[in-house]
Amino acid sequence: LSKVMGEAIRWIESQPGTEIIGEWPGQTHSVFRTLMFRFPDDFVVKGFCDNGQAVLHIYSKSRLGISDIGVNKARVLSFKDHMSNVEMATLDCV
């Protein structure tokens with residue numbers, strides 16, 4: 001699980017306008033700022049083991065406004081694509 005969470009943090013840190021504001025075992029909370037208006041969006045990754053598999057729950061939401069024009073959905077899909085394409089050892093999650 002620590003390797004999976006480490007890869008999640010590497011992806012977060014590679015994104016522009018991002019700051020990790022909290023990090024705990026199995027969870028990280030970061031704030032993304034939109035490029036144009038610098039609005040803050042929360043992005044939380046929570047990881048846990050389930051039957052030997054690493055499972056990630058992702059939460060991405062705008063703090064301000066009514067619509068994010070699809071930015072958070074695109075961010076989650078980008079994260080999913082990245083994590084799906086990373087090669088990691090196939091050990092049991094612990």
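First, a word on what this report is: a plain description of the structure on this page. In every chain, residue numbers begin from 1 and rise along the written sequence. Residue-level local features of this predicted model are given only where pLDDT is at least 70; pairs of side-chain atoms are given and counted only at 80 or more, and the full residue set underlies all totals for whole chains, interfaces and linings. Hydrogens are left out, water is left out, and the side-chain values use all remaining heavy atoms of the structure.

## A few points about the sheet that holds strand 3 (residues 40-50)
Right, so step 1: Taken in spatial order, the 4 strands of this open sheet run 1-2-3-4, and their pairing is antiparallel. Every other strand in the sheet has two partners, leaving strand 1 (18-24) and strand 4 (53-62) as the edge strands with one partner each. Ignoring strand direction, the axes of neighbouring strands in this sheet form an average angle of 15 degrees.
Right, so step 2: Here strand 2 (residues 27-33) runs beside strand 3; their pairing, made up of 7 bridges, is antiparallel. Among the inter-strand pairings, His29 is bridged to a residue of strand 3, identified as Val44.
Right, so step 3: Contact between two residues is taken to exist if any of their heavy atoms lie within 4.5 Å; hydrogens are not considered. The axes used here are C-alpha line fits, helices contributing only the stretch in contact, and every angle between their N-to-C directions lies in the interval 0 to 180 degrees. A run of H or I in DSSP counts as a helix once it spans at least four residues, and a run of E counts as a strand once it spans at least two, with each numbered from the N terminus. Across the sheet, helix 1 (residues 2-14) lies against strand 1, strand 2, strand 3 and strand 4, angled at about 10 degrees from strand 2, the strand it touches most. For two strands to count as paired, DSSP must find a minimum of two bridges between them.

## Regarding unusual backbone geometry
Right, so step 1: Its identity is not glycine, yet Asn51 carries a phi of approximately 55 degrees, on the positive side.
Right, so step 2: Checked against the element boundaries, Asn51 lands in the loop between strand 3 and strand 4.
Right, so step 3: Using a relative accessible area of 75% as the deciding quantity, one classes Asn51 as exposed. Classification of residues uses two cut-offs on accessible area relative to the type maximum, computed with a 1.4 Å probe and protein chains only: under 20% is buried, over 50% is exposed, and between them is partly exposed.

## As for the pairing of strand 1
Right, so step 1: Bridging between strand 1 and strand 2 involves 6 bridges; their strand directions are antiparallel. From the neighbouring strand, Gly22 faces strand 2, where its bridge partner is His29.
Right, so step 2: The hairpin turn running from strand 1 into strand 2, its antiparallel successor, is 2 residues long, and Gly26 in that turn takes a positive phi close to 80 degrees.

The quantities given are spatial measurements derived from coordinates; they are silent on function.
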